[in-house]
Amino acid sequence: MCSSVVERCPDKTEVEGPIPSTRTRLLGPFTIMKNDTKGAWWKPGVIIFSKVSAYIAFPVIIASYIGKYLDEKYETTNLFFLSLIGISFICTIYLIWGEAKIYKRNLEKEEKEKNLK
């Protein structure tokens, strides 16, 4: 025999089951605790992951194609290929470093705003 639980909400209304809250969101099988309603909690992480992945992949892919083309054109062994891959690696490090600085600055700004409230 199943009986449903009736709980009293803070506004004195009765609800069947657990009391709904504005602080929790049910996304699939996971319950996420969230205080703000600005947007999805996972969005900033996906954006940063996408940017960093692009910073890693695109320079290396472009450098490998250009390096292979130049090696075939000038009949060198792997001179252009390896040097352009090295340059693309340095560019990737620089781009990821800049993205990390921007992300850190935004986190510090949000933390400062939280402390002011």
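In what follows, the structure referred to is the one given above.
Residues numbered from 1 in each chain as written. Predicted model: local features only at pLDDT ≥ 70, side-chain atom pairs only at ≥ 80, totals over all residues. Heavy atoms only, no water.

### As for the packing of aromatic side chains
The geometry of an aromatic ring pair is captured by the separation of the ring centres together with the interplanar angle, meaning the angle of the planes.
Part 1 of the reasoning: Using the criterion set out here, one finds one aromatic pair in the structure.
Part 2 of the reasoning: Both rings, one in Tyr74 and one in Phe80, keep their centres 5.8 Å apart while their planes meet at 45 degrees; by these two values the pair is tilted.
Part 3 of the reasoning: Accessibility expressed as a relative area gives 26% for Phe80, which makes it partly exposed. (Phe/Tyr/Trp six-rings, centres within 6.5 Å; stacked < 30°, edge-to-face > 60°. Buried < 20%, exposed > 50% of the residue type's maximum accessible area, 1.4 Å probe, protein only.)

### Some words on the packing of helix α1 (residues 43–74) against helix α2 (residues 79–116)
Part 1 of the reasoning: Between α1 and α2, the least distance of the axes is 8 Å, while the angle of their chain directions is 165 degrees. Classified by the interaxial angle, the pair formed by α1 and α2 is roughly antiparallel. The handedness of the crossing between α1 and α2 is right-handed.
Part 2 of the reasoning: Its residues assigned to classes, the contact of α1 with α2 shows 18 nonpolar, four polar and four charged. (Axes fitted to C-alpha atoms, helices over the stretch in contact; angles between N-to-C directions. Helix = DSSP H or I, 4+ residues; strand = E, 2+ residues; numbered from the N terminus. Parallel < 35°, antiparallel > 145°, perpendicular 65-115°, else oblique. Left-handed = near helix turned anticlockwise from the far one by under 90°. Nonpolar A, V, L, I, M, F, W, Y, C, P; charged D, E, K, R; others polar.)

### Observations concerning the pattern of salt bridges
Part 1 of the reasoning: Inspection of every chain in the model, using the stated rule, returns one salt bridge.
Part 2 of the reasoning: Between Lys51 and Glu99 there is a salt bridge; the shortest N-O distance is 3.5 Å. On the criterion of sequence distance, the pair formed by Lys51 in helix α1 and Glu99 in helix α2 is long-range, its members being 48 residues apart. (Salt bridge = Lys/Arg side-chain N within 4 Å of Asp/Glu carboxyl O.)

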